[in-house]
Number of protein chains: 2
Amino acid sequence: MKAIALLGGPSYLWPNNFLQVQNKKVIGVDRGTLFLLEKNIVPDIAIGDFDSLKKSELQLVEKKVKDIHYSSPIKDLTDAELMLKVAFDDYQIEYLDIYGATGGRLDHFLANLFAVLKPEFNQYAEKISLLDIQNRIDFYNAGTHIVPNIEGYKYVGVIPLNKVDNLTISHARYDLNNFSTMYPISFASNEFLPNTKDLKISFTTGTVAIIYSKDINRFANI
Amino acid sequence: MKAIALLGGPSYLWPNNFLQVQNKKVIGVDRGTLFLLEKNIVPDIAIGDFDSLKKSELQLVEKKVKDIHYSSPIKDLTDAELMLKVAFDDYQIEYLDIYGATGGRLDHFLANLFAVLKPEFNQYAEKISLLDIQNRIDFYNAGTHIVPNIEGYKYVGVIPLNKVDNLTISHARYDLNNFSTMYPISFASNEFLPNTKDLKISFTTGTVAIIYSKDINRFANI
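Not measured: the values here are computed from a predicted model.

(A) Structural context of the overall build of chain A. Each helix and strand in chain A was counted, giving 5 helices and 12 strands. Seen through its principal axes, chain A has C-alpha atoms that stretch 55 × 40 × 30 Å. For chain A, buried positions account for 57% of its 222 residues. Put simply, 61% of the contacts in chain A that link residues at least 6 apart link residues at least 24 apart. Computed over 23 positive and 26 negative side-chain charges, the separation of the two mean positions in chain A equals 5 Å.

(B) Geometry of the nonpolar core. Core analysis: the largest hydrophobic core is formed by 74 residues, its most contacted members being L96 of chain A together with L96 of chain B. When residues no more than four places from it in sequence are discounted, the contact partners of L96 of chain B are A3, I4, A5, I27, M83, L84, A87, F88, K127, I128 and S129 of chain B. Judged by nonpolar contacts, the second largest core, of 28 residues, contains F18, Y99, V147 and A172 of chain B.

(C) The relation of the copies chain A and chain B, seen in detail. Of the two same-sequence chains, chain A is brought onto chain B (RMSD 0.0 Å, axial shift 0.0 Å) by a rotation of 180°. Accordingly, the operation relating the two chain copies is best matched by a two-fold axis. Taking C-alpha positions as reference, the residue of chain A nearest the rotation axis is G103 of chain A, located at 3.1 Å. Of the residues that chain A buries at the interface, 100% are likewise interface residues in chain B, meaning the two copies contact each other through the same surface.

(D) Representation of the side chain of R105 of chain B within the structure. Structurally, R105 of chain B is set in the loop between β5 (95-99) and α4 (106-114). A relative accessible area of 7% means that R105 of chain B is categorised as buried. Excluding anything up to four places from it in sequence, R105 of chain B contacts Q134, N135, Y155, S189, S213, K214 and D215 of chain A.

(E) Structural context of helix α4 (residues 106-114) of chain A. Within α4 of chain A, 8 of the 9 residues are buried, which leaves the element mostly enclosed by the surrounding structure. Along α4 of chain A, the positions that sit buried rather than exposed are L106, D107, F109, L110, A111, N112, L113 and F114 of chain A.

(F) Summary view of the packing of aromatic side chains. Inspection of the entire model under this criterion finds 20 aromatic pairs over all chains. For the ring pair W14 of chain B and F18 of chain B, a centre distance of 5.2 Å and an interplane angle of 50° mean the geometry is tilted. Each member of the pair, W14 of chain B as well as F18 of chain B, is classed as buried. Note on F18 of chain B and Y99 of chain B: the rings are 4.6 Å apart at their centroids and 45° apart in plane angle, and the pair reads as tilted. With F18 of chain B in the loop between β1 (2-6) and β2 (24-29) and Y99 of chain B in strand β5, the pair connects residues that are 81 residues apart, well separated along the chain. Here the two residues F18 of chain B and Y99 of chain B agree in accessibility, since each one is buried. In textbook terms, an aromatic cluster arises when at least three aromatic residues are bridged by ring pairs, as seen for W14, F18, F35 and Y99 of chain A. The ring of Y155 of chain B carries the charged tip of R105 of chain A above its face, separated from the ring centre by 3.5 Å.

(G) Representation of the interface of chain A and chain B within the structure. Contact with chain A, which involves 43 residues of that partner, is made by 43 residues of chain B. Overall, the association of chain A and chain B removes approximately 3,600 Å² of surface from exposure, summing both partners, and the carbon and sulfur fraction of that is 67%. Of all residues in chain A, Y12, R105 and L106 of chain A bury the most surface against chain B, accounting for 19% of the area lost on that side. Between the two partners, chain A and chain B, sit 2 salt bridges. For R105 of chain B, the salt bridge identified is with D215 of chain A, shortest N-O distance 3.8 Å. At the boundary of chain A with chain B, the tally comes to 14 residue pairs in polar contact (both at pLDDT 80 or more). Elements that contribute at least two residues to the side of chain A that touches chain B include exactly α4, β7 (135-148), β8 (155-160), β11 (187-190) and β12 (198-213) of chain A. If you tally residues by element for the side of chain A that touches chain B, the top one is α4 of chain A, at 8 residues. Grouping the amino acids of the side of chain A that touches chain B by side-chain chemistry returns 25 nonpolar, 12 polar and 6 charged.

(H) Seen up close, the environment of A111 of chain A. Note that A111 of chain A resides in helix α4. Non-local contacts of A111 of chain A, meaning those with residues more than four positions away in its chain, are made with T78 of chain A together with S186 of chain B.

(I) View of helix α1 (residues 31-38) of chain A. All names here are of chain A. Of all 8 residues making up α1, 6 are buried, and the element is well covered by its neighbours. Those residues of α1 that fall on the buried side of the exposure criterion are G32, T33, L34, F35, L36 and L37. Residues of α1 that are buried make contact with β1 (2-6), β2 (24-29), β3 (45-48) and α2 (55-64). Phi turns positive, to about 60°, at N40, one or two residues after α1.

Thresholds applied
Residues numbered from 1 in each chain as written. Chains lettered and ligands numbered in written order. Predicted model: local features only at pLDDT ≥ 70, side-chain atom pairs only at ≥ 80, totals over all residues. Heavy atoms only, no water. Helix = DSSP H or I, 4+ residues; strand = E, 2+ residues; numbered from the N terminus. Buried < 20%, exposed > 50% of the residue type's maximum accessible area, 1.4 Å probe, protein only. Contact = heavy atoms within 4.5 Å. Lys, Arg positive; Asp, Glu negative; His and termini not counted. Charge placed at Lys NZ, Arg CZ, Asp CG, Glu CD. Core = buried A, V, L, I, M, F, W, Y, C linked by side-chain atoms within 4.5 Å. Least-squares fit on C-alpha atoms with pLDDT ≥ 70 in both. Phe/Tyr/Trp six-rings, centres within 6.5 Å; stacked < 30°, edge-to-face > 60°. Lys NZ or Arg CZ within 6 Å of the ring centre and 35° of its normal. Buried area = accessible area lost by both parts, 1.4 Å probe. Salt bridge = Lys/Arg side-chain N within 4 Å of Asp/Glu carboxyl O. Polar contact = N/O pair within 3.5 Å; in protein donor to acceptor, adjacent residues only side chain to side chain. Nonpolar A, V, L, I, M, F, W, Y, C, P; charged D, E, K, R; others polar.

Scope: geometric values only; no functional claims are made or implied.
Here's what the structure looks like:
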């Protein structure tokens, strides 16, 4: 079964009509749980320390949600990491779309982005996407991968997140041959070739994020 | 001399009243140049390929700005990286505050965040801050550092960005002792102890980002 998780990041970064929850497990993380209830969606699972919620808000969560996992404010795992454990270990989720993980406080965003680098979560990397109104982040571990062209995005960034060896990008606007790095680096603004369905990446060590993105003007003049 | 640079990230993430440009060099990067001109600030320096500007907009930039550095769309350096070279090598800037570097397209944000990990830019790491409406990102290279408590921020995240050895955090709400990592990790939501002016970090290898942040509700209901 697929799942959708909503974290507590700013709601102005939510994609339009992203709450398509039919036949999916729905997971609320911390304040994301409340956002879901406000949208009249009762999450199957709620996770968090909920310390940012008012007492009445927490009572609502506890009344509505059947499976609640409480995290400790002083903890080894972030709420998002505990969510990954519950989704994949307890519920055997096949694929997880995560919203509300970007923007806002950047220490939070980076914790979400880097979670898949930890040994205990790396096995889930290829089953997770982080999505917002103008980005979709997928992850790949070492190997050879066909990266699909996804409609609606103009750019495809290729971002080694840790020590990556022998990275080759082919069938893209800007190819790359056998690149190795000891530190993270963002190859931004690459593109699919016109009228192609995919490009290819291969590398022998590490984890690479693929960031699909587009330009939007929605907030240019707020 | 200090400097302020404005990149092309979304304007809704600009801090309030951030364009305090007295006695500072002002640098516009790509569309950031146009944003400055729209605010009646003529940048001293403009950098970019300007390929997202209309012809009339580019003409305005060329008429107003005295020192323009054109980058190639196909290039080894990003516009932001070329900006660092110009600021520190050509103008010997003492300290650089960078706005418009966060949010929007996350391949761009990560290119800005990871720039200081490249050997040619690492020497500037401790002279750069990336700032937006709820975050301030500073960088430290290996050594022992006093991290100042800055008014207006509640949280202080400590984020090893590459291979970091023997990281110790002391005098913080959550101390850390002699932690080493091969990959980036975000220790989010740490805090200064009440009524203290600083905390201390030390590490023997790598580069660590310090992310000051705060919660804001400004966009909660857009």
